[in-house]
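So you can see what is in the structure, the chains are spelled out below.
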Amino acid sequence: MAKNRASWSKRDVISILDFSREELELLFEETDKFVTQEKAPNTLSEKIVATAFFEPSTRTRLSFSVAALRLGAKVIDLSPDVSSLLKGESFADTISMLEGYADLIVLRHPSEGAALFAAELCEKPVINGGDGSQHHPTQAMLDLYTVSRTLGQIDGLVYAVVGDLKYSRTASSLLYALTKFKPKMVHLVSPEALALRKEVYQRLKEVSLPMEVHSSIEEVISQVDVIYLTRIQKERFADPDEYKRLKGSYVITKSLLEKSHAIVLHPLPRLEELPYEVDRTPNAAYIKQAHWGVPLRMALLNLILGDSQ
Ligand code: NCD
């Protein structure tokens, strides 16, 4: 166990692919402790965490901040729209300043590879809070934690990952995460124009993830244990008319769920794909999923910055 903890110490979190099943299981065990514990330990009282979000965020930024504060750390926030980036300061110089001021940086950026670039520049741990359409590793950790805590297992389940599989970094990160486990089947459900990008599909194929492609959830809903729904990523579309055409092309309604025992997860924010009426069904698991973002990120920060002994 001590060895496992040591592998987390001072570590960058760039892609979920960098983590083993055992490391994720340790994170989930640690998260359980923070879910049930009333009083958080003051393990990070000497630490400063920096958040630097170059794209909008509610859950990721705030849950990292709350997690750090609950463990006694202090939090500084770089607001790109009032920082010297507006005076033309480079991304590299900005990261090098944060490296001098904080013990860990949580970064979100529209460019794919931005977090990896920052991690290469910076000695301090960098956590990727989302880079373009590529990775969102801590969301994938939270998604699988929610499955495990709600259904008692990750292996042997049937998953449907639904929506904008092309641009959603949370969908591809979750799929990458599932390659570390043994799902019974993964249904990839999207309009054709939003199908998984080739390089992601290829990667899943290489590790023989059991998967099938569908254009509608109705085809599989009765067999599915976990529905993972994503928003159409409007901000990633080159053509606004294409977005308008696809908007509303898949919606999980309450009546659709009457035929299903599946839990519904969503990284949020939601748009028309997840109507509010679903909140009152027994299937809805996305609010507690978002709330568990705090204990999961407490466990993560504690493993990375806490005493590894
Ligand atoms: C997601 C993201 O930023 O990728 N949000 C989140 O972090 N929970 C999902 C999205 O924006 O659709």
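It should be emphasised that the depicted structure is a prediction, and the values quoted were computed from it without experimental measurement.

A. Fine view of the site of the ligand. Every residue lining the ligand is accounted for by Thr60, Arg108, His136, Gln139, Arg169, Thr170, Arg231, Gln233, Pro267, Leu268 and Pro269. In this structure, Arg169 approaches the ligand through a side-chain N or O atom, which is 2.8 Å from an oxygen atom. At a separation of 3.0 Å, a nitrogen atom of the ligand approaches a polar backbone atom of Leu268. For the ligand, whose free accessible area comes to 320 Å², the fraction covered by protein is 94%. Of the residues that constitute the shell around the ligand, the class distribution is 3 nonpolar, 5 polar and 3 charged.

B. Looking closely at the pairing of strand β8 (residues 226-229). Both faces of β8 are covered, namely the face carrying Val226 and Tyr228 and the face carrying Ile227 and Leu229. Taken together, the 4 bridges between strand β5 (residues 158-162) and β8 define a ladder with parallel strand orientation. In the sheet register, Val162 faces β8, and the bridge partner there is Leu229. For β8 and strand β9 (residues 263-265), the ladder comprises 3 bridges, and the chain directions are parallel. In the strand pairing of β9, Tyr228 is matched with Leu265.

C. How the structure looks around the pattern of salt bridges. Inspection of every chain in the model, using the stated rule, returns 15 salt bridges. Arg21 is the partner of Glu25 in a salt bridge, and the nearest nitrogen-oxygen pair spans 2.9 Å. A residue pair is termed a helical-turn pair when its members lie 3 or 4 positions apart in one helix, as Glu25 and Arg21 do in helix α2 (residues 21-36) at 4 residues. Assessed through its relative accessible area of 29%, Glu25 is described here as partly exposed. Arg21 sits in the partly exposed class, given a relative accessible area of 23%. Arg61 serves as the salt-bridge partner of Asp77, at 4.0 Å between the closest nitrogen and oxygen.

D. Inspection of the UniProt feature "domain: Aspartate/ornithine carbamoyltransferase Asp/Orn-binding" (unreviewed entry) in the protein chain at higher detail. Here, UniProt's "domain: Aspartate/ornithine carbamoyltransferase Asp/Orn-binding" (unreviewed entry) annotation points to residues 156-303. Structurally, residues 156-303 comprises 32% helix and 14% strand, and the distance from its first C-alpha atom to its last is 28 Å.

E. Local environment of the environment of Lys184. Here Lys184 is to be found in the loop between α7 (169-178) and β6 (185-189). By relative accessible area, Lys184 is classed as exposed at 58%. Taking the C-alpha atoms as reference points, Lys184 and Glu120, separated by 64 residues in sequence, lie 37 Å from one another. Once residues within four sequence positions are removed from consideration, Lys184 is found in contact with Gly156, Leu157, Val158 and Pro210.

F. Quick look at the environment of Ser57. Secondary-structure assignment places Ser57 in the loop between β1 (48-53) and α3 (59-70). Taking the C-alpha atoms as reference points, Ser57 and Arg108, 51 residues apart in sequence, are found 8.6 Å from one another. There is a polar contact of 3.5 Å between the side chain of Ser57 and the backbone nitrogen of Thr60. At 3.1 Å, the side chain of Ser57 and the backbone nitrogen of Arg61 are in polar contact.

G. Here's a closer look at helix α4 (residues 91-101). If you check which residues of α4 are buried, you get Phe91, Thr94, Ile95, Leu98 and Glu99. One side of α4 holds all its buried residues, which, seen down the axis, span an arc of 145°. Of the exposed residues in α4, the ones pointing more than 90 degrees away from its buried face are Gly100 and Tyr101. For α4, the elements touching its buried residues are β1, β2 (74-78), β3 (104-109) and α5 (114-121).

H. Inspection of the sheet that holds strand β7 (residues 211-214) at higher detail. Reading across the sheet, the 5 strands line up as β7-β6-β5-β8-β9 and stay open at both edges, with parallel pairing between neighbours. Edge positions in the sheet fall to β7 and β9, since each has one partner strand and no second. For this sheet the average axis-to-axis angle between neighbouring strands, irrespective of direction, equals 20°. Contacting β5, β6 and β8, α7 crosses the sheet at an angle of about 160° to β5.

Reading the values: the criteria
- Residues numbered from 1 in each chain as written.
- Predicted model: local features only at pLDDT ≥ 70, side-chain atom pairs only at ≥ 80, totals over all residues.
- Heavy atoms only, no water.
- Near = heavy atom within 4 Å.
- Polar contact = N/O pair within 3.5 Å; in protein donor to acceptor, adjacent residues only side chain to side chain.
- Areas by Shrake-Rupley, 256 points an atom, 1.4 Å probe, with all protein chains shown as cover.
- Nonpolar A, V, L, I, M, F, W, Y, C, P; charged D, E, K, R; others polar.
- Buried < 20%, exposed > 50% of the residue type's maximum accessible area, 1.4 Å probe, protein only.
- Helix = DSSP H or I, 4+ residues; strand = E, 2+ residues; numbered from the N terminus.
- Pairing = 2+ DSSP bridges.
- Salt bridge = Lys/Arg side-chain N within 4 Å of Asp/Glu carboxyl O.
- UniProt positions renumbered as here; feature names shortened; annotations may be inferred.
- Contact = heavy atoms within 4.5 Å.
- Arc of directions from axis to C-beta.
- Axes fitted to C-alpha atoms, helices over the stretch in contact; angles between N-to-C directions.

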